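Chain by chain, the residues run as shown.
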Amino acid sequence: MLALYAFNLEIAKTRESVSEPMLGQIRLQWWREALDGIYEGGPREHAVVLALSEAVRECRLSRGLLDEMIDGRERDLEDAPPLSVEDVVSYASATSGALNSLAGEVLGTPGSTALRDAGIAYAITGLIRAIPFHAGQGRSWLPGLPGHAVIAGDPVIGKTVRELSEAAEDSIIRVKADNGSLSKVARLACLPLATCRADLSRIRRAAFDPFTARYAGPLARRLKMLGTYWVGRF
């Protein structure tokens, strides 16, 4: 699991690690070639690559899901906003959804749609929380709204955030409906849903204004997940 999360971090930080999109493409291509080496039995001498190679060997991780994560991160290199909520869901599925699917393979539940849906909900909720941060960078994950148009108090933003929140909530509903298909161990990959539900509740109380919503701090979030672990329900 640590190897998976380390790989995710390496590709997720691509945009922040380069000065222009082309360099980001080169970095992501490096990881594609690193995967070639892993699956051909000759991993590169890189700490994360070697750890991921061991995870691939022991857990038979799907190459397609790892490639899906890399392909999804190409979207990070673009400044244009998504065209629709469906585009945001697709991005969330390719990044966090694929990661959670791989976690399912490690935890003995391959092919779980519930785990992918949990990843989708987590990613969309994170994008909602990050709206002010992205706006400060001139970026936007709000469909049809470029970064320079994301201004506090604009009613259009609230409508779009509501739609994104509903997409995240729909994913959570699907996870709950399929919860019985997950083993107790596999449910560990769903623990972040506890914080998602709390975050979505807070953005709803803020009338879907991402600039005024206030979220729980790191300690409270960890305690929330711990409580969910002990109760065993999401």
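I will try to describe carefully the structure that is included in this document. (Residues numbered from 1 in each chain as written. Predicted model: local features only at pLDDT ≥ 70, side-chain atom pairs only at ≥ 80, totals over all residues. Heavy atoms only, no water.)

### Digging into the packing of helix α7 (residues 113-129) against helix α9 (residues 155-177)
When two helices pack together, their arrangement is captured by the angle between the axes and the distance separating the axes.
Turning to step 1, where the next piece is worked out: With their axes 8 Å apart at the nearest point, α7 and α9 run at an angle of 155° to one another. By the angle class used here, α7 and α9 are roughly antiparallel. Of the two elements, α7 crosses α9, and the hand of that crossing is left-handed. Along its contact with α7, which presents Ala114, Asp117, Ala118, Ile120, Ala121, Ile124, Thr125 and Ile128, the element α9 presents Val161, Leu164, Ser165, Ala167, Ala168, Ser171, Ile172, Arg174 and Val175.
Turning to step 2, where the next piece is worked out: Looking at the contact of α7 with α9 residue by residue, the class counts come to 12 nonpolar, 3 polar and 2 charged. (Axes fitted to C-alpha atoms, helices over the stretch in contact; angles between N-to-C directions. Helix = DSSP H or I, 4+ residues; strand = E, 2+ residues; numbered from the N terminus. Parallel < 35°, antiparallel > 145°, perpendicular 65-115°, else oblique. Left-handed = near helix turned anticlockwise from the far one by under 90°. Contact = heavy atoms within 4.5 Å. Nonpolar A, V, L, I, M, F, W, Y, C, P; charged D, E, K, R; others polar.)

### Comments concerning the packing of helix α6 (residues 85-106) against α7
Turning to step 1, where the next piece is worked out: The contact between α6 and α7 brings their axes to 7 Å, and the two run at 130°. By the criterion of interaxial angle, the relationship of α6 to α7 is oblique. Pair α6 / α7 crosses with right-handed handedness. Residues Val88, Val89, Tyr91, Ala92, Ser93, Ser96, Gly97, Ala98, Asn100, Ser101 and Gly104 of α6 form the contact with α7, whose own contacting residues are Leu115, Arg116, Ala118, Gly119, Ile120, Tyr122, Ala123, Ile124 and Leu127.

### So, a nonpolar patch on the surface
Turning to step 1, where the next piece is worked out: Taken together, the side chains of Val185, Leu188, Leu219, Leu223, Leu226, Tyr229 and Trp230 define a hydrophobic patch exposed on the protein surface, amounting to about 750 Å² of accessible area.
Turning to step 2, where the next piece is worked out: Mapped onto the elements, Leu223 comes out in helix α11 (residues 218-231). (Patch = residues over 30% accessible without salt bridge, like charges linked within 9 Å, V, L, I, M, F, W, Y side chains within 5 Å. Areas by Shrake-Rupley, 256 points an atom, 1.4 Å probe, with all protein chains shown as cover. Salt bridge = Lys/Arg side-chain N within 4 Å of Asp/Glu carboxyl O.)

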